[in-house]
Amino acid sequence: MIRTRGLSYRYAEGSEPLRFPDVDLRQGGTLLLRGRSGTGKSTWLALMAGLRSPAGGDLFVASTQLGTQRGAEIDAWRARCVGFLPQKLHLSSALTVADNLALVYFAAGQPRDDAAIARALAQVGVAELAGRRPHQLSGGQAQRVALARAVLLQPQILLADEPTASLDDEAAADALALLQASAAACDASLVIATHDQRVVQALAAVPGLQQLDLNA
Ligand SMILES: Nc1ncnc2c1ncn2[C@@H]1O[C@H](COP(=O)(O)OP(=O)(O)OP(=O)(O)O)[C@@H](O)[C@H]1O
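As named in an unreviewed UniProt entry, the protein is Putative ABC transport system ATP-binding protein, taken from Acidovorax soli.

Caption draft 1: Representation of helix H2 (residues 71–81) within the structure. Residues of H2 that are buried: Ile 74, Trp 77, Arg 78, Ala 79 and Cys 81. Looking at the packing, one finds that the buried side of H2 touches helix H1 (41–48), strand S5 (56–61), strand S6 (64–65), strand S7 (82–85), helix H3 (97–108) and strand S8 (157–161).

Caption draft 2: Looking closely at the environment of Leu 33. Its place among the elements puts Leu 33 in strand S4 (residues 30–34). Sequence-distant contacts of Leu 33, that is, excluding residues within four places in its chain, are made with Lys 41, Trp 44, Leu 45, Val 191, Ile 192, Ala 193, Thr 194, Leu 212 and Leu 214.

Caption draft 3: Structural context of the packing of helix H5 (residues 139–151) against helix H6 (residues 169–185). Contact geometry for H5 and H6: axes closest at 11 Å, N-to-C directions at 10°. Between H5 and H6, the angle falls in the class roughly parallel. Considering only the axes of H5 and H6, their crossing is right-handed. Along its contact with H5, which presents Gln 143, Arg 144, Leu 147 and Val 151, the element H6 presents Asp 174, Ala 175, Leu 178, Leu 179 and Ser 182. In terms of residue class, the contact of H5 with H6 is built from five nonpolar, two polar and two charged.

Caption draft 4: A look at the sheet that holds strand S9 (residues 189–194). Judged by pairing direction, the sheet is parallel, and its five strands sit side by side in the order S7-S8-S9-S4-S10 without closing on themselves. Of all strands in the sheet, those bounded by a partner on one side alone are S7 and strand S10 (210–213). Taken over all neighbouring pairs, the strand axes of this sheet differ in orientation by 15° on average, direction set aside. In this sheet, S8 lies alongside S7 in parallel orientation, the contact comprising four bridges. Note that in S8 the partner of Leu 85 across the bridge is Ala 160. H5 rests against S7 and S8 of the sheet, and its axis sits at about 170° to S7.

Caption draft 5: Structural detail: the site of the ligand. Surveying the vicinity of the ligand reveals the residues Tyr 11, Leu 18, Arg 36, Ser 37, Gly 38, Thr 39, Gly 40, Lys 41, Ser 42, Thr 43, Gln 87 and His 195. In this structure, a nitrogen atom belonging to the ligand sits 3.5 Å away from a side-chain N or O atom of Tyr 11. In this structure, Ser 37 approaches the ligand through a side-chain N or O atom, which is 2.5 Å from an oxygen atom. Protein chains bury 55% of the 640 Å² of accessible surface belonging to the ligand in isolation. For the shell around the ligand, the element with the highest residue contribution is H1, accounting for three residues. Among the residues forming the shell around the ligand, the class breakdown is two nonpolar, eight polar and two charged.

What counts and how
Residues numbered from 1 in each chain as written. Predicted model: local features only at pLDDT ≥ 70, side-chain atom pairs only at ≥ 80, totals over all residues. Heavy atoms only, no water. Buried < 20%, exposed > 50% of the residue type's maximum accessible area, 1.4 Å probe, protein only. Helix = DSSP H or I, 4+ residues; strand = E, 2+ residues; numbered from the N terminus. Contact = heavy atoms within 4.5 Å. Axes fitted to C-alpha atoms, helices over the stretch in contact; angles between N-to-C directions. Parallel < 35°, antiparallel > 145°, perpendicular 65-115°, else oblique. Left-handed = near helix turned anticlockwise from the far one by under 90°. Nonpolar A, V, L, I, M, F, W, Y, C, P; charged D, E, K, R; others polar. Pairing = 2+ DSSP bridges. Near = heavy atom within 4 Å. Polar contact = N/O pair within 3.5 Å; in protein donor to acceptor, adjacent residues only side chain to side chain. Areas by Shrake-Rupley, 256 points an atom, 1.4 Å probe, with all protein chains shown as cover.

Encoded structure:
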């Protein structure tokens, strides 16, 4: 779940804050986050992931009120509760695909589970790529690996930042379907930030779809 009230964020002391409309997203629900470039989509996602702290307002994510926790505490919470598919995938080039996923256990303070890593890769159709390094993957394969990493610990929230940018129509439809299936498999709430009309149209069919439009 996500619940925000009067949420704002300020990049620099004394600057005009970004202000965000209130949101109530139930567990398992889908939220479409819309807005032109620069309206604050990535900032809003970073707030939900506890990567940035609000300047004002109340923010509850996965039943936790965010904003007061310290570094290590928020890092462990994020590793357990939030799956994040960022625009830049941040796969470590020095590590194999499987080892990139294993970093999730390190961040969460949990023992590595190789069977779960293999299952997560299989779920997104890239089981055979476990031993490769990121530079040996196509863009679409790398995104699948990042999605497997995001859902490895069965997060309560799955956040995706422009997941179809630079994909052709067929790959975009596949990526969207995979995101939805991955969220459904762990009953996670799914948030997709996009200005891709293909995604907006495809998600229009989702029952109970919620929208947060930052253009307003
Ligand atoms: N590190 C930063 N320091 C100062 N201002 C920033 C910083 N990052 C973003 N901003 C500003 O905050 C606003 C929101 O940026 P944000 O990246 O969240 O928008 P966005 O909707 O995700 O854009 P895009 O679709 O282009 O990725 C913009 O005006 C941007 O210039």
